[in-house]
Amino acid sequence: MIRNTSLEYRLAGEIGGGSMAKSIVLVDDFPLTLQFIEYHLEQAGYTDIIKFENPLDVISYIQNGNNPLVIVTDFQMPQMNGVELLDHIRSNLGVIPAIITTADHSSLTPGADLYPILEKGSSNFIADLLVLLKKLTSVSKVICITDTSCIP
């Protein structure tokens with residue numbers, strides 16, 4: 001179930017510069033979830049997938065000059081939650097399209113409504129994720145065609 005589909009929203013005005021992004025970053029403190037999502041993304045044809053169990057490692061990854069195409073992050077993690085991660089990236093490193101996944105909608109905090117939210121237990125979880133990824137990656141590519149800062 002997609003909880004916030006109004007996110008196609010502001011991407012055109014917010015995607016930052018840098019080189020053309022290629023990878024999809026997955027962030028979840030539960031390794032089996034990372035493997036599950038990675039498997040289905042690979043089956044759908046995505047090949048450049050980077051997995052992180054610690055959101056702080058994602059920040060370091062981006063600080064080192066990597067610019068992912070999309071971040072798919074769990075909401076509830078020990079080091080920081082998904083909204084805190086995405087807000088930190090947005091405030092300090094630029095805007096990267098993102099999707100939040102959660103098994104517990106009741107734990108969502110203010111700010112989560114800025115991102116599309118997918119329910120992990122939903123029977124349509126993977127199908128919804130693939131639809132959102134296609135939308136977000138298509139928007140990113142279109143923007144980068146018209147934005148010279150996206151040319152490698």
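Participant: Help me understand helix α2 (residues 31-43) in this model?
Facilitator: Helical geometry note: an α-helix holds 3.6 residues per turn, so side chains three or four residues apart project in the same direction. A rise of 1.5 Å per residue sets the reference length of α2, with its 13 residues, at 18 Å; its end C-alpha atoms lie 18 Å apart and thus fit the reference within 8%. Here α2 has its buried residues at Thr33, Leu34, Ile37, Glu38 and Leu41. On an axial view of α2, the arc spanned by its buried residues comes to 125°, and they lie on one face. In α2, the exposed positions angled more than 90 degrees off the buried face are occupied by Leu32 and Gln43. Looking one or two residues beyond α2, the residue adopting positive phi is Gly45, at roughly 105°.

Participant: Would you mind showing me how to read the pattern of salt bridges here?
Facilitator: If the charged atoms of two oppositely charged side chains come close together, the side chains can form a pair. Taken as a whole and assessed by the stated rule, the structure comprises three salt bridges. A salt bridge links Glu38 to Lys51, with the nearest nitrogen and oxygen atoms 2.9 Å apart. In this pair, Glu38 is assigned in helix α2 and Lys51 in strand β2 (residues 49-52), connecting sequence segments 13 residues apart. Across the pair Lys120 and Asp74 runs a salt bridge, and its minimum N-O distance is 2.9 Å. Placement of the pair is Lys120 in the loop between β5 (117-119) and α5 (125-146) and Asp74 in strand β3 (residues 70-74), with a sequence separation of 46 residues. With relative accessibility at 22%, the residue Lys120 sits in the partly exposed group. Residues joined in a network through salt bridges with shared partners are Asp28, Asp74 and Lys120.

How each quantity is defined
- Residues numbered from 1 in each chain as written.
- Predicted model: local features only at pLDDT ≥ 70, side-chain atom pairs only at ≥ 80, totals over all residues.
- Heavy atoms only, no water.
- Helix = DSSP H or I, 4+ residues; strand = E, 2+ residues; numbered from the N terminus.
- Expected span 1.5 Å × (residues − 1).
- Buried < 20%, exposed > 50% of the residue type's maximum accessible area, 1.4 Å probe, protein only.
- Arc of directions from axis to C-beta.
- Salt bridge = Lys/Arg side-chain N within 4 Å of Asp/Glu carboxyl O.

Purely spatial values, then, with no claim about function.
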